[in-house]
Amino acid sequence: MCSSDLTQTSALVYCGYTGSVNTATSESFNGSTWASSTNYPFAEEGVWSNAGASSSSGVTAGDYNRNATYSFNGTTWSSAGNRANAYGWGQGAGTASAAIGCGGTTSGAAGGATANTEVYNGTSWSAGNSLGTARFGPAGGANSSTQVLVTGGGNATTTYLTTTEISGSNAIQTFTQA
């Protein structure tokens with residue numbers, strides 16, 4: 001799983017798994033061509049990505065064994081503070097000054113699935129409203145820094161989920177596939 005922050009004319013893809021090792025590689029897209037970019041600080045595969053363009057990435061969070069977070073200014077990665085908990089394979093949204101992340105795993109395995117939500121104010125992370133269902137590896141996205149939509153993923157027993165939730169500063173909303 002690699003992470004990406006993108007718009008139609010600007011994108012940043014970073015980290016991932018090559019089939020044998022984690023990678024820290026970053027590449028940017030300017031609307032017509034791809035180019036190498038400054039590598040992510042650590043070689044990881046379960047990195048949260050938060051919406052943003054390659055010239056101003058949102059805050060990204062490390063894999064399940066690291067609680068550090070980073071932002072990208074178009075040239076370099078810089079520290080964006082530590083989350084309260086270390087977990088990866090979650091979903092996030094936002095900018096370098098306001099972001100939200102939720103779900104993921106604390107152990108790199110299904111048994112560590114979490115419903116945690118954390119909110120970033122540009123300086124520090126704090127607890128947000130938890131998801132209704134603990135999940136890791138969900139798909140999702142958002143168009144704000146206060147809410148993130150997560151869908152699918154797995155739960156603590158590796159069952160694939162068919163629910164979609166909106167996590168944010170308001171109450172969690174859950175939708176079930178018909």
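Shown above is the structure to which this text applies.
The shown structure was predicted, so the numbers you read here are calculated from the model rather than taken from an experiment.

What counts, and at which threshold
- Residues numbered from 1 in each chain as written.
- Predicted model: local features only at pLDDT ≥ 70, side-chain atom pairs only at ≥ 80, totals over all residues.
- Heavy atoms only, no water.
- Pairing = 2+ DSSP bridges.
- Helix = DSSP H or I, 4+ residues; strand = E, 2+ residues; numbered from the N terminus.
- Phe/Tyr/Trp six-rings, centres within 6.5 Å; stacked < 30°, edge-to-face > 60°.
- Buried < 20%, exposed > 50% of the residue type's maximum accessible area, 1.4 Å probe, protein only.
- Salt bridge = Lys/Arg side-chain N within 4 Å of Asp/Glu carboxyl O.
- Core = buried A, V, L, I, M, F, W, Y, C linked by side-chain atoms within 4.5 Å.
- Contact = heavy atoms within 4.5 Å.

In this structure, strand β6 (residues 68-72) lies alongside strand β7 (residues 77-82), joined through 4 bridges in antiparallel fashion. Residue pairing across strands places Tyr-70 opposite Ser-79, the latter belonging to β7. The hairpin turn running from β6 into β7, its antiparallel successor, is 4 residues long, and Gly-74 in that turn takes a positive phi close to 100°.

Let us look at the packing of aromatic side chains. Evaluated as defined, the whole model comprises 6 aromatic pairs. Measuring from ring centre to ring centre gives 4.9 Å for Tyr-40 and Trp-77, while their planes differ by 80°; the resulting arrangement is edge-to-face. Here Trp-77 lies in strand β7 and Tyr-40 lies in the loop between β4 (34-37) and β5 (60-61), a separation of 37 residues in the sequence. On the accessibility criterion, Trp-77 (11% relative accessible area) is buried. Taking the centre distance of 6.1 Å and the plane angle of 50° together, the rings of Phe-42 and Tyr-70 count as tilted.

Moving on to unusual backbone geometry. Of note, the phi angle at Trp-89 is positive, near 60°, even though the residue is not glycine. For Trp-89, a relative accessible area of 19% puts it in the buried group.

This paragraph deals with the pattern of salt bridges. Under the definition given, this model contains 1 salt bridge. A salt bridge links Arg-135 to Glu-165, with the nearest nitrogen and oxygen atoms 2.8 Å apart. Taken together, the residues span a long stretch of sequence, with Arg-135 in the loop between β11 (125-127) and β12 (139-141) and Glu-165 in strand β14 (residues 163-168) at a distance of 30 residues. For Arg-135, a relative accessible area of 0% corresponds to the buried category.

So, about the nonpolar core. Formed by Leu-12, Tyr-14, Cys-15, Ala-24, Tyr-40, Val-47, Ala-68, Tyr-70, Phe-72 and Trp-77, the largest nonpolar core amounts to 10 residues. Contributions of two or more residues to this core are made by β2 (11-17) and β6. Apart from residues no more than four positions distant in its own chain, Ala-24 is found in contact with Cys-15, Asn-39, Tyr-40, Phe-42 and Ala-43. Grouped together as the second largest cluster of nonpolar side chains are 7 residues, Ile-100, Cys-102, Leu-131 and Val-150 included.

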